[in-house]
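# Fold and contact review
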Amino acid sequence: MTARTLEAAGIATVVIGSALDILRTAGTPRVIFNDLPLGNPVGKPFDRDMQHRTVSAAFELLFSAEAPGAVKTLPHQWSTQDAWRENFMAVRAEDAATLEALGRATQATRLENKAKGLFRR
Amino acid sequence: MYYRALGFQKDYAWASHDDIPFSPPKIPLSQATVALVTTAVVDASIPKPVREANSYPIVDVPDHFDTSELSWDKETTHTKDRESYFPINDLRARELRQEFKALAPRFHFVPTEYSQRHTIETDAPLITRHCLEDAVDLAILIPL
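Residues numbered from 1 in each chain as written. Chains lettered and ligands numbered in written order. Predicted model: local features only at pLDDT ≥ 70, side-chain atom pairs only at ≥ 80, totals over all residues. Heavy atoms only, no water.

### Focus on the overall build of chain B
The secondary structure content of chain B amounts to 3 helices and 5 strands. The order of α-helices and β-strands along chain B, N terminus first, is α-β-β-α-β-β-α-β. Residue burial in chain B is summarised as follows: out of 144 residues, 48% are buried. Counting only contacts in chain B whose residues sit at least 6 apart along the sequence, the fraction spanning at least 24 positions is 73%. Of the roughly 7100 Å² that chain B leaves accessible, carbon and sulfur atoms contribute 53%. (Helix = DSSP H or I, 4+ residues; strand = E, 2+ residues; numbered from the N terminus. Buried < 20%, exposed > 50% of the residue type's maximum accessible area, 1.4 Å probe, protein only. Contact = heavy atoms within 4.5 Å. Areas by Shrake-Rupley, 256 points an atom, 1.4 Å probe, with all protein chains shown as cover.)

Printed below as a string of structure tokens:
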């Protein structure tokens, strides 16, 4: 959403990200999409070539995109195995109790913070 | 589904917009000032619920950002390599090669906010103002 405000002020933007559905729905002007686990949108850790290619693609898209909502998907892969896709934020029956407890803890923390005045107005 | 498993009544509603603002670059890359925007935390001493957007000198990029409170795939990967989410060394090398004119004097932190209102009304306008002050032509935003 920050990209939208910058763009409205006349500054060309590109977002490099790995959460394409969220970026698309938000109406992001230009997106470089790396289909990698969340955490390393520019490329795999210490893979300087991959990271360099991503930044190059970002500059290219800034100048080649002709219409808003441009998405360039890069061919980078995390590995030949796709298991990581199944694991992130997975909801498995055996984890139900743990997830519920996590949700309760999150809500309790929010209320505690509110009581302490720790919130943005 | 994940949100409901946590016990919340409704799914989180991500921001949704059909209209998209669009400003093509006004000058060639070789003349452009480039800014970098991250969601990685610079000052972890500020508690998460009251963290606001801020701008920092580009000459003072921390060796490590705090990513511990951000939502990324902690089972699969790690964030020990700063370049994988804040490619400052790659950009500095490009600046030296004069691929673009210069990095902007400040880089920018925007918190990943549960509240879209904070982002739209406070954080994004602040960063935009700073970018305009710095005569930024191109902004690269890299959310974790």
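Still more to cover.
### A word on the overall build of chain A
In terms of regular secondary structure, chain A is built from 5 helices and 3 strands. Ordered by position from N to C terminus, the α and β elements of chain A give α-β-α-β-α-β-α-α. A compact globule built from 121 residues should have a C-alpha radius of gyration of about 14 Å, whereas chain A, at 19 Å, is more than 25% larger. With the C-alpha coordinates of chain A rotated into their principal frame, the extents come out at 45 × 40 × 25 Å. When each of the 121 residues of chain A is scored for burial, the buried share is 45%. (Rg over C-alpha atoms; globule rule 2.2 N^0.38 Å.)

### Describing unusual backbone geometry
Phi at A:Phe46 takes a positive value of approximately 65°, unusual for a residue other than glycine. Along the chain, A:Phe46 falls in the loop between strand E2 (30-33) and helix H3 (48-64). By relative accessible area, which is 52% here, A:Phe46 ends up exposed. Positive phi, close to 65°, is recorded for B:Gln98, a residue that is not glycine. For B:Gln98, the position within the fold is in the loop between helix H2 (88-96) and strand E3 (102-103). Owing to a relative accessible area of 63%, B:Gln98 belongs among the exposed residues under this scheme.

### Thoughts on empty space enclosed by the protein
All names here are of chain B. All chains considered together, the criterion is met by 1 cavity of 30 Å³ or more. Taken together, Val41, Val42, Asp43, Ile46, Arg51, Glu52, Asn54, Tyr56 and Phe109 form the lining of the largest cavity. Taken together, the residues of the lining of the largest cavity break down into 5 nonpolar, 1 polar and 3 charged. (1 Å grid on protein atoms, 1.4 Å probe; cavity = no way out; pocket = protein on both sides within 12 Å on 5 of 7 lines; lining within 4 Å. Points joined across faces, edges and corners; volume = space filled by probe spheres on them. Nonpolar A, V, L, I, M, F, W, Y, C, P; charged D, E, K, R; others polar.)

### Notes on the pattern of salt bridges
Oppositely charged side chains are able to pair whenever their charged atoms sit close together. Under the counting rule described, the total for this entry stands at 12 salt bridges over all chains. The residue A:Arg104 makes a salt bridge to A:Glu100 at a minimum N-O spacing of 3.7 Å. Highlighted residues: A:Arg104 and A:Glu100, both in helix H5 (residues 96-115), separated by 4 residues, approximately one helical turn. The class for A:Arg104 is exposed, based on a relative accessible area of 53%. Since its relative accessible area comes to 40%, A:Glu100 is described here as partly exposed. Notably, a salt bridge pairs B:Arg106 with B:Glu133, separated by 2.9 Å at the nearest N-O pair. Remark: B:Glu133 occurs in helix H3 (residues 116-133) and B:Arg106 occurs in strand E4 (residues 106-109); sequence separation between them is 27 residues. When salt bridges that share partners are traced, they join B:Asp90, B:Arg94, B:Arg97 and B:Glu99 into one network. (Salt bridge = Lys/Arg side-chain N within 4 Å of Asp/Glu carboxyl O.)

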